[in-house]
Amino acid sequence: MAVAMEYYLVLSAAVFCIGLFGILVRSNALVFLMSVELMLNAANINLVAFSLAHGNLTGQVFALFLIGLAAAEVAVGIGIILVLNRNFDDIDVRDAVTMRW
Amino acid sequence: MVDVFTLAPAIALFPLFAFGIALFLGSKMPKGGALAGIAATGGSLVLSLWMVAEIAGGAGPYHEELYTFVGGVEGEGVTLTFGLLIDPLSALMLVIVSLISFLVHVFSLGYMNDEGETGLPRYYAGLGLFTFSMLAFVYSDNLLMAFMFFELVGLCSYLLIGFWFRERAPASAAKKAFLVTRFGDYFFLIGVVAIFATFGTTAFAGEESFVTAAEAVLGGEGEMNTFLGLGNQAWITVLGLLVLGGVIGKSAQFPLHTWLPDAMEGPTPVSALIHAATMVAAGVYLVARMYGFYALSPTALGIIALIGGFTAFVAATMALVKQELKQVLAYSTISQYGYMMLALGGGGYVAGVFHLTTHAVFKALLFLGAGSVIIAMHHNENMWDMGGLKDRMPVTYWTFLAGSLALAGIFPFAGFWSKDEVLYETLLHGLGDSPLLLVGFAFGLLAVILTAFYTIRMVLLTFHGDPRTDVAEDPEPVRWNVKFPLVVLGVLAVVAGALNLGTIKDVIGEENLFLHEWLDGATLDGELGEGGALSAHHYEELLETQAGYEAAEFSALANGAIALVLALVGVAAAWYLYRGTDPEPHMTKLGGVRRVLAHNYYQDEYQVWLATGLALPVARVANKFDQGIIDGFVDAAGTASVVAGERFRRIQTGVVTNYAALLALGLVLLLLVFGLAGGWF
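Here the structure is a predicted model, which is why all the values come from computation and not from measurement.

Chemist: Would you take a moment to explain the packing of helix 3 (residues 88-113) of chain B against helix 4 (residues 120-138) of chain B for this structure?
Modeler: A pair of packed helices can be characterised by two numbers: the angle between their axes and the separation between those axes. Residues and elements named next belong to chain B. Look at helix 3 against helix 4: their axes get within 10 Å of each other, and the N-to-C directions meet at 170 degrees. The orientation of helix 3 with respect to helix 4, classified from their angle, is roughly antiparallel. Contacts between helix 3 and helix 4 involve Ser-90, Met-93, Leu-94, Val-97, Ser-98, Ser-101, His-105, Met-112 and Asn-113 from the first element and Leu-120, Tyr-123, Leu-127, Thr-131, Met-134, Leu-135 and Val-138 from the second. Along the lines of polarity and charge, the residues of the contact of helix 3 with helix 4 split into ten nonpolar, six polar and no charged.

Chemist: Before we go on, may I ask you to explain the interface of chain A and chain B in this structure?
Modeler: Reports often express the size of an interface as the amount of accessible area lost when the parts come together. With ten residues of chain A at the contact, the number on the chain B side is eleven residues. Taken together, the residues that form the side of chain A that touches chain B break down as seven nonpolar, one polar and two charged.

Chemist: Help me understand the nonpolar core, please; the structure alone is not making it clear to me.
Modeler: Nonpolar side chains in soluble globular proteins tend to be buried together. Membership of the largest hydrophobic core comes to 231 residues, with the highest contact counts inside it found for Ile100(B), Ala364(B) and Ala493(B). If sequence neighbours within four positions are ignored, Ala493(B) has contacts with Val361(B), Phe362(B), Leu365(B), Ala402(B), Gly403(B), Ala406(B), Phe413(B) and Ala414(B). Counting six residues, the second largest nonpolar core, distinct from the first, contains Leu20(A), Ile23(A), Ala29(A) and Phe32(A).

Chemist: For this particular structure, what's the right way to read helix 4 of chain B?
Modeler: For an α-helix the count is 3.6 residues per turn, leaving residues at separations of three or four pointing the same way. Along its 19 residues, helix 4 of chain B runs 27 Å from first to last C-alpha, staying within 8% of the 27 Å computed at 1.5 Å per residue. Where burial is concerned, most of helix 4 of chain B is hidden: 18 out of the 19 residues are buried.

Chemist: Sorry if this is basic, but what is going on with unusual backbone geometry here?
Modeler: A negative phi angle characterises most non-glycine residues, just as the trans form characterises most peptide bonds. Residue Pro255(B) is reached from Phe254(B) by a cis peptide bond, and omega for that bond is 5 degrees. Mapped onto the elements, Pro255(B) comes out in the loop between helix 8 (232-250) and helix 9 (259-262). At Asp89(A), a position not held by glycine, the phi torsion is positive, near 55 degrees. The topology assignment puts Asp89(A) in the segment after helix 3 (58-88). For Asp89(A), a count of 9 C-beta atoms within 10 Å gives the class exposed. One non-glycine residue with positive phi stands out, namely Ala252(B), at about 55 degrees. The topology assignment puts Ala252(B) in the loop between helix 8 and helix 9.

Chemist: Sorry, what's going on with the packing of helix 14 (residues 325-345) of chain B against helix 17 (residues 414-432) of chain B here?
Modeler: All names here are of chain B. Their axes nearest at 8 Å, the elements helix 14 and helix 17 cross at an angle of 35 degrees. For the pair helix 14 and helix 17, the sense of crossing is left-handed. Each of Tyr-339, Leu-342 and Ala-343 in helix 14 lies in contact with helix 17, whose residues at this interface are Lys-419, Val-422, Glu-425 and Thr-426. The residue makeup of the contact of helix 14 with helix 17, split by class, is four nonpolar, one polar and two charged.

Chemist: Before we go on, may I ask you to explain helix 3 of chain B in this structure?
Modeler: Residue and element names in this part refer to chain B. The first and last C-alpha atoms of helix 3 sit 37 Å apart over 26 residues, in line with the 38 Å expected at 1.5 Å per residue. Along helix 3, the sharpest kink reaches roughly 35 degrees, centred on Phe-107. In terms of burial, helix 3 is a largely internal element, 25 of the 26 residues being buried.

Chemist: Honestly, the environment of Gly592(B) in this entry has me stumped. Any pointers?
Modeler: Residue and element names in this part refer to chain B. Tracing the backbone through its elements, the reader meets Gly-592 in helix 25 (residues 592-598). Residue class for Gly-592 comes out exposed when judged on the 7 C-beta atoms lying within 10 Å of it. A C-alpha to C-alpha distance of 44 Å links Gly-592 and Met-148, two positions 444 residues apart in sequence.

Chemist: Sorry, what's going on with the environment of His105(B) here?
Modeler: All names here are of chain B. Topologically, His-105 is positioned in helix 3. On the neighbour-count criterion, His-105 (28 C-beta atoms within 10 Å) is buried. The sequence separation of His-105 and Ala-36 amounts to 69 residues, and the corresponding C-alpha distance is 9.7 Å.

Chemist: Explain the confidence of the model for chain B to me, please; I cannot follow it from the model alone.
Modeler: If pLDDT is low for a region, its predicted coordinates should not be looked at in detail. Residue and element names in this part refer to chain B. Within chain B, residue pLDDT values average 83, and 96% of them lie at 70 or more. When pLDDT is averaged over each element of chain B, helix 27 (residues 656-678) comes out on top at 90 and helix 21 (residues 505-508) at the bottom at 70. For residues 522-531, every residue scores under 50 in pLDDT, and the model assigns this stretch 22 contacts once sequence neighbours within four places are set aside. Among the scores for the predicted complex, ipTM is 0.85 and pTM is 0.79.

Chemist: Help me understand the environment of Thr181(B) in this model?
Modeler: Residues and elements named next belong to chain B. Along the chain, the position of Thr-181 falls in helix 6 (residues 168-199). Residue classification places Thr-181 among the buried residues on the basis of 30 C-beta atoms within 10 Å. Sequence separation between Thr-181 and Leu-256 is 75 residues; the distance between their C-alpha atoms is 7.4 Å. Those residues in contact with Thr-181 that lie beyond four places of it in its chain are Gly-154, Gly-249, Lys-250 and Trp-259.

So, how was this worked out
Residues numbered from 1 in each chain as written. Chains lettered and ligands numbered in written order. Predicted model: local features only at pLDDT ≥ 70, side-chain atom pairs only at ≥ 80, totals over all residues. Axes fitted to C-alpha atoms, helices over the stretch in contact; angles between N-to-C directions. Helix = DSSP H or I, 4+ residues; strand = E, 2+ residues; numbered from the N terminus. Parallel < 35°, antiparallel > 145°, perpendicular 65-115°, else oblique. Contact = placed C-beta atoms within 7 Å. Nonpolar A, V, L, I, M, F, W, Y, C, P; charged D, E, K, R; others polar. Core = buried A, V, L, I, M, F, W, Y, C linked by C-beta atoms within 7 Å. Buried ≥ 20, exposed ≤ 12 C-beta atoms within 10 Å, placed from the backbone. Expected span 1.5 Å × (residues − 1). Left-handed = near helix turned anticlockwise from the far one by under 90°. Bend = angle between axes of the 7 residues up to and from the residue. pLDDT = per-residue confidence, 0-100.

Here it is in structure tokens:
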């Protein structure tokens, strides 16, 4: 028996807001990465939910692409974090401010 | 045989080559590049004479477009070209210019080289460029080309007058000559543009020329653009007067004559060149060149005649009290060019050109003679320090005397015939139906007495009496290169009048007025317009039909007798006052009048006041407006963006979290805006 569409959307919005909250208030770069991951997966939930509701597989294929994208993003992100750690002996995003005005 | 006219461009190009050679190689050559200049001007002279012979032999006028530097699109816009126009008038002028320039080059060997001047390559380069500009000006076939070379002539005079630029006076005189003539040239430039706008062409000759077009419009055919709501006739007058501005500046007519006496600071051969053949002659030549245009406007002609007559008289009064030899000559030049303008304005086209010719000869002679005296006097020009040079430098004396008698208008020297013809033509048309010309004629007659007086005074003070200084007692001898030009010009000054013996035309017959026949150019048909649009005959018809000039009956002999008697009165007065071994400075008895005359009627003072007292404050206000208001706006815009940028860049904190927050906020805002606009709520 099918779950109503609203539940999926509420779940997705909740996960997205948790991710956004993490980005806005935390200073640890690793937590940043995880938060971004959460936001991406919130989008995935949406895609899959709508795909199911419409009986159209395109959304699910898109979700697969998004997972790939998220993996690539993590690879780049980890690289940046490693360099951050090497230069500042820390991964606090507030340390790397030399490029500001 | 080659067609000689294909060689015509070389007339002007020879001196241009001489300019280049003297400038770049002059220091390595003997005589500082003088020989190149002599060869080039000699070549120009030979070619010019050949042109004259060819035209006299029946060849038509020659017109060729050499180079089109702006080509109009088919039927649209204007076409700007360089071209050649060799007709009787320009051929005559080419001969005059190249002859005088040749003799001046030879004379310079004595005046500059033998005196050990430095900077000779620069000097000869200047002479070459000067001659080139003038020759090219003379054979220009359109007004724009004429204007370009007109300006180049002005530049060259600046370079040569300021030849001794390390001294204060020549540098300042050069600047003055340049600026004063430039002032007139502004009007000329506007005139050129206006003629383009009106007729779409500035060609002097041919079916398409602006002269023919203007004539056709006044004859009721064709159209032209007029501006400012003026009628055709009035607009043609305005155009003529605009171009006349340049003429007044260059030909040193009142009130722009002030540069010419100062120009005496230049080397004397340069003065000879400027006064006789190049710079000053350019103005009058321009009026003669487009005489068919001026003949359409009686107003413009009247103004030309009045300015000319007035200048002739006023300059002659100033010449009375001068003490320097060259200053007297300078004012006599202004006065004589006044006569030419009077002639042209008074309907005497042939008379004006005739006087231009004879004046070129005798004024070059007088200046070269003065140069010879100046060499002898070790560059002292004050006539009161001379005296008694008659027996010590006979060649200079006799040739100078011939030139002086020509200037004074004494029978049978060249100046008598031409000056008489100027007066005669003016009188004829004045008595006809243009009483205004009689005013100019009266000025001209008065100037005859004054001219004779100051000329003879000059001769007596310089050459007669006892030597008044040691230098005059034992003057430095001059060599062949000074004497040769003097003798050539001296002979010409005696015989040049034979070109046009107008005074005795009742005796010898009209057909023996050579210059008149020459300018009438019976051969001038064909390509350059039906019926000879450039001929003196055609101009006379135009004057009668368009300007309403009618010739009254008056005996040429009687007029000649009047002019001669007046000249003799002047001569006798000068002789009476300054004869004897030790003449007194009679002019000091004039007191206040002498002071006014010696200060040139305070012309310089009021013109300087106009510049510093009037133009300068206006320029200051304009500058303040420019700097304060126009620049102010621009600067304020710049400052505002700089300050704003300074503030705005603070949002670039470098903290990733802030950027994320801004992104999120932006998205929310965007959604809200879309929502409100799209009516989601």
